[in-house]
Amino acid sequence: MAMDKRRVQTAVIGHADSEIPVVLPMEAMEAGFFLARLDGHTFWCGVWLGGCGQQLTKKLYTDRACHFAHRPDPEHISTCARKAFGISSADHLFIKRGLLEWLSDQEVQAAADIVRGTDGSITGEVLFTLASHAGLHIHLDPKAQVRPGKDAQPLLGEGVPHDTNELQQHGYVNRVRLVPDGTRRRIQVGTQDHTSTTWFDLHEVALTDSGLTTPASQEIHRLRTTSRLIGARAPRVIQPRMLPEALTVKSHDPEPDNRDAVMASLIEAVDHGRSRTAIRHWLDRAEAATAGGATEEETGQIQRAVDALLLLERGVGLPTPREPNVAERKALRSVERVLANLARQNRRGIRAVTATQRNQLERAAEQVSEWLTDEQRAQIETWRSVPVQPVPPPRDPRPGIRTPPRSPQRPPVVRKADHVDIAGMSDEVRDILEHAARLGYTVPLSALRAQVKGLQHLSESDQIRVLLRVRPTARHPRSPVPERPILLPALITDDTGAMHPFYRRLAEAAGHEVPQDPNRTWKDATQAVHDRYKKT
């Protein structure tokens, strides 16, 4: 391994047998911050990663990806047969550690073992044994042959093929994956049906008698197992109450039967191939309406709707509504915008619709009718009955005084900085700059914009407003006398590492003397910041 060119992104902390995984960020600045937090720790090519057990060094670069590497071995004594080096190569360790912590929070006693292959290699399998529930069997290797077990529920990685019979029998397959979360990896559990996979964070997942369940798997199980009463229709019970005489006289008039209307809407949604959301909505209403007992006809209608919904979710039988294309998504946004404007006018007491708004609604409703919600359909029908007329201008608040017409001009631009926390942004910038100062680094403004949420969307003047508020946290505690003030934002550079043009404005605002050529004073200011923070 004298010329080891492998880019190892994962390692374990402390020793070769450790099961505490880490992922080294590829960007130099993020890698520097990450290593500073773990200062004093050692990194190893762990045996539970399938590695050789040797200590690793850190390779930090600004022009290519940062990574771990094996130490030089001129005599070629050491060998490493590790097969996986990327950011996902330690996922089995992250899953083992994360699920054990989650099970502990559920007050479930559990143990976990990493499964090795017949040749001793790491296979991406983790077997969890639970004291009060069936176990969990994690499979992350796409080449794995997964077979259903009686004692352990399988939980498959994203690329692991599933058992077709298992999917047909239960209606779903549960999966597991890890997603980036800063410098960590966050566990998510997904439920795959016949059409797609829906993902959930661990706080949304539950451990029940049937194993690890998600909201999606619970809903599929409910739809497949719900039973309903069959028999005479339960009569409507009217609670006795005192009614005004005027109302009792009209009591013989026929009233629309809400229950019949719900059942009719359910059948209409099924017959016209409405979306899964629409069928589910009317199915829930029908189940509530027949909770006290259903006729044989109603039971058959509900069962038909359940079958249609399951067929849609499995992707066979009834056609699944396609996803809207770019033009249709634009039309949907147009419907939402016009309806929001009309609702805003209505709240101000202006019940009017312009010809343009009416035409937009008509065209969009025709183009994207299958993706409209029931509420949007009802709103469109309501506004169709409103006569077309121009929206009146705002009234003059001072009656009798005519306001001269305004000259045409662009409306004032609302600065985004008025809607953000300038002080909070300044604190985030300060933390990044102080960390860079302790490491002896400078920070490109582009990197700051990428790390401080919302900064890159501000105008140049508002970005300077943020930087002008940046101050060092405190004087060094061991300094016997007050230290001379330093300009922390002096560490900000352009993308080449040279002085940023912002420096002159920041220095002058801080009361520093800035000559015609400020480059020399900028270097002195940067050195002063580094010298101050080397003491901390």
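If you're wondering where the values come from, they're calculated on a predicted model, not measured in any experiment.

Observations regarding the overall build of the protein chain
Thinking step 1. Per the secondary structure count, the protein chain includes 16 helices and 16 strands.
Thinking step 2. Taking the contacts inside the protein chain whose residues are at least 6 apart along the sequence as the reference set, 59% of them involve residues at least 24 apart.
Thinking step 3. Surface exposure of the protein chain reaches about 32500 Å², of which carbon and sulfur atoms provide 51%.

So, the packing of helix α12 (residues 422–439) against helix α14 (residues 460–468)
Thinking step 1. Following both chains from N to C, one finds α12 and α14 inclined at 65°, their axes separated by 8 Å at the closest point. Here the hand of the crossing between α12 and α14 comes out right-handed. Between α12 and α14, the residues in contact are Ile-422, Met-425, Ser-426 and Val-429 and Arg-465, Val-466 and Leu-467, respectively.
Thinking step 2. Grouping the constituent residues of the contact of α12 with α14 by class yields five nonpolar, one polar and one charged.

Concerning the nonpolar core
In a soluble, globular protein the nonpolar side chains are often hidden away together inside.
Thinking step 1. Counting 30 residues, the largest nonpolar core has Leu-99, Trp-102, Leu-103, Phe-128, Ile-138, Leu-207 and Leu-212 as the members making the most contacts within it.
Thinking step 2. Only α2 (91–105), β6 (110–116), β7 (122–130), β8 (135–139), β10 (173–181) and β11 (184–192) provide two or more residues apiece to this core.
Thinking step 3. For this core, the element with the most residues is α2, which contributes six residues.
Thinking step 4. Counting residues in hydrophobic clusters, the runner-up holds 29 residues, among them Val-443, Leu-445, Ala-447 and Leu-488.

Regarding the pairing of β6
Thinking step 1. Bridge count between β6 and β7: seven bridges; the pairing is antiparallel. Paired with Ile-114 across the two strands is Val-126, which belongs to β7.
Thinking step 2. Counted between consecutive antiparallel strands, the loop separating β6 from β7 contains five residues, among which Gly-120 sits at a positive phi close to 85°.

Concerning helix α4 (residues 215–225)
Thinking step 1. All buried positions along α4 are accounted for by Ser-217, Ile-220 and Leu-223. On an axial view of α4, the arc spanned by its buried residues comes to 125°, and they lie on one face.

Here's the deal with unusual backbone geometry
If a residue is not glycine, its phi is most likely negative; likewise, a peptide bond is most likely trans.
Thinking step 1. A positive phi angle, close to 60°, is found at Glu-107, a residue other than glycine.
Thinking step 2. For Glu-107, the position within the fold is in the loop between α2 and β6.

Focus on the sheet that holds strand β5 (residues 67–70)
Thinking step 1. Spatial ordering of the open sheet is given by β2-β1-β3-β4-β5, a layout of five strands whose pairing is antiparallel. Pairing within the sheet leaves two strands with one partner each, and these edge strands are β2 (21–23) and β5.
Thinking step 2. Relative to β2, strand β1 (residues 10–13) is paired through three bridges, and the arrangement is antiparallel. Pairing of Ala-11 across the sheet is with Val-22, part of β2.

Focus: a nonpolar patch on the surface
Thinking step 1. On the surface, Leu-60, Leu-439 and Tyr-441 cluster together into a nonpolar patch covering about 230 Å² of accessible area.
Thinking step 2. Secondary-structure assignment places Tyr-441 in the loop between α12 and β15 (443–444).
Thinking step 3. Among the residues examined, Tyr-441 registers a relative accessible area of 33% and is labelled partly exposed.

Re the packing of aromatic side chains
Thinking step 1. Inspection of every chain in the model, using the stated rule, returns one aromatic pair.
Thinking step 2. Seen in terms of ring centroids, Phe-43 and Phe-68 are 5.2 Å apart; in terms of plane orientation they differ by 40°. Their pairing is tilted. One end of the pair, Phe-43, is in strand β3 (residues 43–44); the other, Phe-68, is in strand β5, and 25 residues separate them in sequence. For the pair Phe-43 and Phe-68, a shared accessibility class is recorded, and that class is buried.

A short note on the state of the cysteines
Thinking step 1. The final tally for this structure, using the stated rule, is zero disulfides.
Thinking step 2. Cys-80 provides the cysteine sulfur closest to Cys-52, a residue in no disulfide bond, and the two sulfurs are 3.8 Å apart.

Quick word on the environment of Leu-506
Thinking step 1. Mapping Leu-506 onto the fold places it in helix α15 (residues 502–509).
Thinking step 2. Judged by relative accessible area, Leu-506 falls into the buried class, the value being 4%.
Thinking step 3. For the pair Leu-506 and Leu-488, spaced 18 residues apart in sequence, the C-alpha separation works out to 10.0 Å.

Considerations on the pairing of strand β12 (residues 197–201)
Thinking step 1. Direction of pairing for β11 relative to β12: antiparallel, over a ladder of five bridges. Among the inter-strand pairings, Val-189 is bridged to a residue of β12, identified as Phe-200.
Thinking step 2. Taking the residues that link successive antiparallel strands as the turn, the β11-β12 hairpin has four residues.

Regarding the packing of α14 against α15
Thinking step 1. One way to put it is that α14 packs onto α15 with a least axis distance of 11 Å and a crossing angle of 45°. Classified by the angle their axes make, α14 and α15 are oblique. As for how α14 packs across α15, the hand of that crossing is right-handed. On α15, the residues touching Glu-460, Gln-463, Ile-464, Leu-467 and Leu-468 of α14 are Phe-502, Arg-505, Leu-506 and Ala-509.

Brief notes about the environment of Val-205
Thinking step 1. Looking at the secondary structure, you find Val-205 in the loop between β12 and β13 (206–208).
Thinking step 2. For Val-205, a relative accessible area of 6% translates into the label buried.
Thinking step 3. Through-space distance from the C-alpha of Val-205 to that of Pro-215 is 7.3 Å; in sequence the pair is 10 residues apart.
Thinking step 4. With sequence-adjacent residues up to four places away left out, Val-205 is seen in contact with Trp-102, Val-189, Phe-200, Leu-212, Thr-213 and Thr-214.

Conventions adopted
Residues numbered from 1 in each chain as written. Predicted model: local features only at pLDDT ≥ 70, side-chain atom pairs only at ≥ 80, totals over all residues. Heavy atoms only, no water. Helix = DSSP H or I, 4+ residues; strand = E, 2+ residues; numbered from the N terminus. Contact = heavy atoms within 4.5 Å. Areas by Shrake-Rupley, 256 points an atom, 1.4 Å probe, with all protein chains shown as cover. Axes fitted to C-alpha atoms, helices over the stretch in contact; angles between N-to-C directions. Left-handed = near helix turned anticlockwise from the far one by under 90°. Nonpolar A, V, L, I, M, F, W, Y, C, P; charged D, E, K, R; others polar. Core = buried A, V, L, I, M, F, W, Y, C linked by side-chain atoms within 4.5 Å. Buried < 20%, exposed > 50% of the residue type's maximum accessible area, 1.4 Å probe, protein only. Pairing = 2+ DSSP bridges. Arc of directions from axis to C-beta. Patch = residues over 30% accessible without salt bridge, like charges linked within 9 Å, V, L, I, M, F, W, Y side chains within 5 Å. Salt bridge = Lys/Arg side-chain N within 4 Å of Asp/Glu carboxyl O. Phe/Tyr/Trp six-rings, centres within 6.5 Å; stacked < 30°, edge-to-face > 60°. Disulfide = S-S within 2.5 Å. Parallel < 35°, antiparallel > 145°, perpendicular 65-115°, else oblique.

Any functional reading would require information that these geometric values do not contain.
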